[in-house]
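Structure assessment
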4 protein chains.
Amino acid sequence: MSDVSVSLGANKYGKAENRVVRIYRDTPRHEIVDLNVTSQLRGAALADCYLSGDNSFVVATDTQKNTAFAFAKLYGIPSPEEYLLRLAEHFVTAFDWIDGGLWQAQQYEWERILVDGRAHDHSFVRTGRATRLAAVQVVDGQTHVMGGIADLVVLKSTGSEFAGFPRDQYTTLAETDDRILATSVTGRWRFLPEAVEAGIDYNGLYAEVSAVLLSTFATVHSLALQQTLFAMGKAVIQARPEITEVRFAMPNRHHFLYDLAPFGLENPNEVFLAADRPYGLIEGTVTRDGAEPAPDAWLDIPASG
Amino acid sequence: MSDVSVSLGANKYGKAENRVVRIYRDTPRHEIVDLNVTSQLRGAALADCYLSGDNSFVVATDTQKNTAFAFAKLYGIPSPEEYLLRLAEHFVTAFDWIDGGLWQAQQYEWERILVDGRAHDHSFVRTGRATRLAAVQVVDGQTHVMGGIADLVVLKSTGSEFAGFPRDQYTTLAETDDRILATSVTGRWRFLPEAVEAGIDYNGLYAEVSAVLLSTFATVHSLALQQTLFAMGKAVIQARPEITEVRFAMPNRHHFLYDLAPFGLENPNEVFLAADRPYGLIEGTVTRDGAEPAPDAWLDIPASG
Amino acid sequence: MSDVSVSLGANKYGKAENRVVRIYRDTPRHEIVDLNVTSQLRGAALADCYLSGDNSFVVATDTQKNTAFAFAKLYGIPSPEEYLLRLAEHFVTAFDWIDGGLWQAQQYEWERILVDGRAHDHSFVRTGRATRLAAVQVVDGQTHVMGGIADLVVLKSTGSEFAGFPRDQYTTLAETDDRILATSVTGRWRFLPEAVEAGIDYNGLYAEVSAVLLSTFATVHSLALQQTLFAMGKAVIQARPEITEVRFAMPNRHHFLYDLAPFGLENPNEVFLAADRPYGLIEGTVTRDGAEPAPDAWLDIPASG
Amino acid sequence: MSDVSVSLGANKYGKAENRVVRIYRDTPRHEIVDLNVTSQLRGAALADCYLSGDNSFVVATDTQKNTAFAFAKLYGIPSPEEYLLRLAEHFVTAFDWIDGGLWQAQQYEWERILVDGRAHDHSFVRTGRATRLAAVQVVDGQTHVMGGIADLVVLKSTGSEFAGFPRDQYTTLAETDDRILATSVTGRWRFLPEAVEAGIDYNGLYAEVSAVLLSTFATVHSLALQQTLFAMGKAVIQARPEITEVRFAMPNRHHFLYDLAPFGLENPNEVFLAADRPYGLIEGTVTRDGAEPAPDAWLDIPASG
């Protein structure tokens, strides 16, 4: 079999999950930015490393790590998107054989601890409500920027139906006009290249998009989680001209009405068992009409956070 | 070897992690209580099940589960402590061979989604900031009630030192007068039996204790995490006469100053690497002077949440 | 902004993580197959559900679940690949509006418990060594079949170097000619459509590929994890003519030599600290020369297991 | 309330989850020992740290970490029990104000990779089948040694019944004379002090106890998981005179028979849904008759691994 010949296909490499914490302490009122950063590079010249172990062009993953921490000092982290853009630009310009790469961050949010009703200067508590996402993809000379949110867990205790679906020999599910709808939203939005060029208030946008996602989930009378998903994406695109598409992954976290009849009890949608597995899994993309698609932007970006 | 004889020692059994979700929908403004409930029973009569598989006295774990869900309907869940007390009382009275047991709950908190600045009637988002704990222990005819909190992640970016510790041949740690202090607090407090008897506003107390924990962490200038821990427990006991002792487990989540000197950069406590393992682990109990100790209350209750 | 118009992009939906356990008990010597199955469907007709909540064409995720369990009885699970092929074929033929979908499985392996040196008939222990993966993708009328393995944790205590990499102002890593190399292999291989057509001994192939991955990792003197990765993929393709490409994700699980010099001790590669985060992350694909590429096959398939 | 007075109760502190990997490379045939080590100290003199932040007696958790790694070089890790004994002895003798403590380890097992049927000299694959546990407790001048095992996942596809349990108004469970019995065993055994004194082949004992646990699980016809648990503990004590008691925590991992009747299919114990939560949780201790009890030995040792 030794005459079977093979080649190297798609590849990338780097350092994953660098936990970069940046404190701003120029005044007694400190600020904190808390990221989990992954940097990965691509380049045709890297093939020799795979083929023969020649590391001449391998910017060490340790060097990528050092750079991530050094840049947190040199340039700060005004937003995860801007920070990743700096990293991306550095690697593709400092090393001319690096053609592109993927840079990703998760941001954990902290809020100031209240002491006698006043927000403390340098003491924080992690909010735990969702994780912010950011990604920068450089491929074929194009730079794509994505924002996002993960683990935004929402539930509505009414205002959700599911009926009218087809029935075959394996269908046992009853139709319902009132159920709990619960999901953990992962959403990622891609910014228009022109907007990135012009500059974006990424932090303000994230706050607004988060609020739009929540209020849309709350107010849509849901006939299916798919419908809720689409409405949430549409609302985001309508709210912010910088955003050209939104991708969602939404597990349907089933809450089953507990059967209390054997105990002589009624259960008018009051007592539920929250189940783990299996769960529904609804995924979908909402795109702005007329905008340029960019499938490369999403290369290797996971559906969940 | 067949003549070695053995006996049954400590034991208990039950159903763990029942995800009980209770919706109150008597008005259009719904309320949600979201628990993870574990029920376990003890009794001398249960020994025969271990010894010979005789199930005559084994209240099935499935029956314990059904009861947990039925009671959520029958009596509601005014607080996790009161709900567990009902369950405990039921099992030790309905089955005269059940001597006692341990009932535990974790409560996940939700807040109303804001729509145009107004809190929505039936749509919620999980806060994710800490998990509430409750436990009821019945042993030797005594009933003990414990509240608690887990995964309260806090950080102060200054106001923390660590110095003056002894040095031996294995000591390399430098003293510091300014470091990040971060931990994920698990705290459990035991209520005075008289207070339980008299009735407690468990929900109000939880809110107050949470706030006291946070503000004490924020304001204590820390010479050691141990010192912070003790101050937090003392503040809780001083704040609420119903509480007789507090037990803490606090991992010291190290944030290491990143060495930027090789890159010609200073790092005056601005850029840190947040580490996972190993971590410091500080545990301690603060007790009200003059109160009756109750070691049995803590039987089999885990240190972490 | 209400005149911004949007459209539905890529989407799919289904039921995730159905834990299907199939026991064969036709003789006293039972067999067990233990899967975690995810079924997701795609189809242009499903758009109305997203756009307006019209469920007329939505094969319920509950129906997909029921079908997964029913097929485990009807057709058994000779291999995860064949089982998923049956499910895929069913959904795209039974519902003419279903254009395609993605079916995935993880398989947990069990081995017989030894009693007095003999393998027991109906008692098993989970091996825990790696998880088997399978996926079937139907898109544009083409059916693609992939096998795989996840969480195969391997380590070599010597025979690994890393040197010759470029140095810039952020490079501090020392070159080494002897280090621990450790990784948790996730690999996925795509089968040639002709081989799928002709029939494949998927279970035998999995066993052989697993062995080839291990022995190649063991015997390659590693100059970089990239080189080891490529060699492993090449060996797999050379070993089995049914396989046309292999995709890997390999975290570099760093084992740092512990600095014992302060304690007057030498450490000639004997005592290491195994680190969690950050970690190197090396990804790459090895393809058979002359084979038809099929990028659609990999749509939405995660890099890790 | 400022005149409420409080005291320090039970406490300990240290460094948790040190990932110590020890390679023996005296010959080309390397050996690997892979531990996760936690060291915690107790002592009355440590109270001042809690009360006032006085660290004069606080052996830094970083020093405990250094010592754990240094001892891996100095004394090696013949077994986790012997390694922890060395650490324990060091801390209570080198620092006369340290009264005792708790030292724990998890051991991950590796086996040699097979190349052409021969076990490789320095390449290993993690077995993943269970984790070995060890603990040393020093309290009141007594040293207690415990071994153990965690995450030993076992299943029998027949030979398990559950019937004859009492029925009340909340009981709906049907009796069964044939079900799947599955659990993930965590077991911990305490060694007789005399046996520890005389010296024990801890590694050989672990291998034998593991085998006894498995074969007993396999061969006992189970009327309840409790009965299986007791039989497993009894067999361990009968097999090894060094062991005086065994503590188990066994979740009952329910496998529910899937209802295929709506699809016109029978299901004679062939197709099951493996459930996550809730689960039964059975705990129990088996003790050697005539042996000295030692409740202090188990202080703060978690029930699960």
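Residues numbered from 1 in each chain as written. Chains lettered and ligands numbered in written order. Predicted model: local features only at pLDDT ≥ 70, side-chain atom pairs only at ≥ 80, totals over all residues. Heavy atoms only, no water.

**Section: the relation of the copies chain A and chain D**
Applicable threshold: The superposition of copies rests on a least-squares fit of C-alpha positions from residues with pLDDT of 70 or more in both. Two residues qualify as a contact provided that any one of their heavy atoms is within 4.5 Å of a heavy atom in the partner residue.
Once chain A has been moved 0.0 Å along the axis and rotated by 180°, it coincides with chain D to within an RMSD of 0.0 Å. Such values leave the two copies arranged in the relation of a two-fold axis. When each C-alpha of chain A is compared by its distance to the rotation axis, D276(A) comes out closest, at 3.4 Å. Comparing contact sets, 100% of the residues at the interface of chain A also lie at the interface in chain D, consistent with an isologous, same-surface contact.

**Details of helix α6 (residues 225–239) of chain C**
What sets the pattern is the α-helix's 3.6 residues per turn: residues three or four places apart point alike. Where we set the bar: In DSSP terms, a helix is any run of H or I states spanning at least four residues, a strand is any run of E spanning at least two, and both are numbered starting from the N terminus. Helix span, as expected, comes to 1.5 Å for every residue beyond the first. Remark: exposure states derive from per-residue accessible area (1.4 Å probe, protein chains only) relative to the maximum for the residue type, with buried under 20%, exposed over 50%, and partly exposed in between.
Between its first and last C-alpha, α6(C) extends 21 Å over 15 residues, near the 21 Å set by a 1.5 Å rise per residue. Of all 15 residues in α6(C), 13 are buried, a share of seventy percent or more.

**Quick look at the interface of chain A and chain D**
Put simply, the rule is: A side-chain nitrogen of Lys or Arg and a carboxyl oxygen of Asp or Glu constitute a salt bridge if their distance falls within 4 Å. Polar contact is defined as a pair of N or O atoms within 3.5 Å, subject to the rule that within protein one atom must be able to donate a hydrogen and the other to accept it, and that residues adjacent in sequence are counted only when both atoms are side-chain atoms. Three classes are used, and their members are as follows: Ala, Val, Leu, Ile, Met, Phe, Trp, Tyr, Cys and Pro are nonpolar, Asp, Glu, Lys and Arg are charged, and the others, Gly among them, are polar.
At the interface, 7 residues of chain A touch 7 residues of chain D. The closest approach of N and O atoms between R277(D) and D276(A), which form a salt bridge, is 2.7 Å. Inspection of the chain A/chain D interface yields 2 residue pairs in polar contact (both at pLDDT 80 or more). Among the residues making up the side of chain A that touches chain D, the classes are represented as 3 nonpolar, 2 polar and 2 charged.

**Topic: the packing of helix α5 (residues 202–219) of chain B against helix α6 (residues 225–239) of chain B**
Residue and element names in this part refer to chain B. What counts here: Axes here mean lines fitted to C-alpha atoms, for a helix over just the part in contact, with angles spanning 0 to 180 degrees between N-to-C directions. Left-handed is the label given to a crossing in which the near helix is rotated counterclockwise from the far helix by less than a right angle, and right-handed is the label when the rotation is clockwise.
α6 packs onto α5 with a crossing angle of 145° between their chain directions and a minimal axis gap of 9 Å. For the crossing formed where α5 meets α6, the hand is right-handed. Listed contacts from α6 to E208, V209, V212, L213, T216 and F217 of α5 are T228, A231, M232, A235, V236 and A239. The residue inventory of the contact of α5 with α6, partitioned by class, reads 9 nonpolar, 2 polar and 1 charged.

**Comments concerning the relation of the copies chain C and chain A**
Once chain C has been moved 0.0 Å along the axis and rotated by 180°, it coincides with chain A to within an RMSD of 0.0 Å. Interface overlap between copies is the fraction of interface residues in one copy that are interface residues in the other; for chain C against chain A it reaches 100%, indicating a shared surface.

**Re the environment of V37(A)**
Residues and elements named next belong to chain A. Tracing the backbone shows V37 in strand β2 (residues 31–42). As a C-alpha pair, V37 and A135 span 98 residues in sequence and 9.6 Å in three-dimensional space. Not counting residues within four places of it along the chain, the set of residues in contact with V37 comprises K15, A16, E17, N18, V20, Y83, L84, L87, Q104 and A105.

**Details of unusual backbone geometry**
In this chain, R277(B) is followed by P278(B) through a cis amide linkage whose omega measures -10°. In this structure, P278(B) sits in the loop between β11 (271–274) and β12 (279–288). Here the phi dihedral of E17(C) falls at roughly 60°; this positive angle occurs in a residue that is not glycine. With respect to the helices and strands, the residue E17(C) is situated in strand β1 (residues 6–24).

**Notes on the domain arrangement of chain A**
Residue and element names in this part refer to chain A. Quick reminder of the rule: What fixes the domain bounds is an automatic or database domain assignment. Here the quantity called buried area is the total loss of accessible area, with a 1.4 Å probe, experienced by two parts when brought into contact, counted for both.
Taken domain by domain, chain A holds domain 1 (8–140) and domain 2 (151–299). Look at where the C-alpha atoms of domain 1 and domain 2 centre, and you get two points 29 Å apart. Between domain 1 and domain 2, the buried area comes to about 1300 Å², and carbon and sulfur atoms account for 54% of it. Where domain 1 touches domain 2, the interface holds 0 salt bridges. On the surface where domain 1 and domain 2 come into contact, there are 5 residue pairs in polar contact (both at pLDDT 80 or more). A total of 5 residues in the side of domain 1 that touches domain 2 trace back to one element, the largest contributor, which is strand β6 (residues 131–139). Its residues assigned to classes, the side of domain 1 that touches domain 2 comprises 7 nonpolar, 4 polar and 7 charged.

**Focus on the nonpolar core**
Defined as follows: Only buried Ala, Val, Leu, Ile, Met, Phe, Trp, Tyr and Cys residues count toward a nonpolar core, and they belong to the same one when joined by side-chain atoms within 4.5 Å.
By size, the foremost hydrophobic cluster in this structure holds 163 residues, and its most contacted members are Y83(A), W189(A), Y83(C) and W189(C). When near neighbours in sequence (up to four residues on either side) are disregarded, Y83(C) contacts V20(C), L35(C), V37(C), A68(C), F69(C), F71(C), A72(C), G76(C) and I77(C). The next biggest cluster of nonpolar side chains, apart from the first, holds 160 residues, and it includes L265(A), A88(B), V138(B) and L229(D).

**Quick word on empty space enclosed by the protein**
All names here are of chain C. Put simply, the rule reads: Definitions used throughout: a 1 Å grid over protein atoms alone; a cavity as a set of points that fits a 1.4 Å probe which cannot get out; a pocket as an open set with protein on both sides within 12 Å along at least five of seven lines; a lining residue as one with an atom within 4 Å of a point. Grid points are joined across faces, edges and corners, and a volume is the space filled by probe spheres set on the points.
All told, the structure shown has 1 cavity of 30 Å³ or more when counted by the stated rule. Counted as a void, the largest cavity has a volume near 30 Å³. As for the largest cavity, its lining consists of T143, H144, V145, R190, F191, P193 and V196. Elements that contribute at least two residues to the lining of the largest cavity include exactly β7 (142–156), β8 (181–191) and α4 (193–198). It is β7 that provides the largest number of residues to the lining of the largest cavity, a total of 3 residues. Taken together, the residues that form the lining of the largest cavity break down as 4 nonpolar, 2 polar and 1 charged.

**Considering the interface of chain C and chain A**
Note the following rule: Pairing between strands is defined by DSSP: at least two bridges between the two strands are required.
Between chain C and chain A, the contact holds 77 residues from the first and 78 residues from the second. Area buried by chain C at its contact with chain A is led by V6(C), Y50(C) and Y170(C), which between them contribute 11% of it. For R277(A), the salt bridge is made with E17(C), and the minimal N-O distance between the two is 3.0 Å. Connecting chain C to chain A are 41 residue pairs in polar contact (both at pLDDT 80 or more). Counting only elements with at least two residues in the side of chain C that touches chain A, the list comes to β1, β2 (31–42), α1 (47–52), α2 (61–74), α6 and β12 (279–288) of chain C. At 14 residues, the largest contribution of residues to the side of chain C that touches chain A is made by β1(C). When grouped by side-chain class, the residues that make up the side of chain C that touches chain A number 36 nonpolar, 29 polar and 12 charged. Where strand β12 (residues 279–288) of chain A and β1(C) come together, 9 bridges link them in antiparallel fashion. Note on β1(C): the bridge partner recorded for G280(A) is K15(C).

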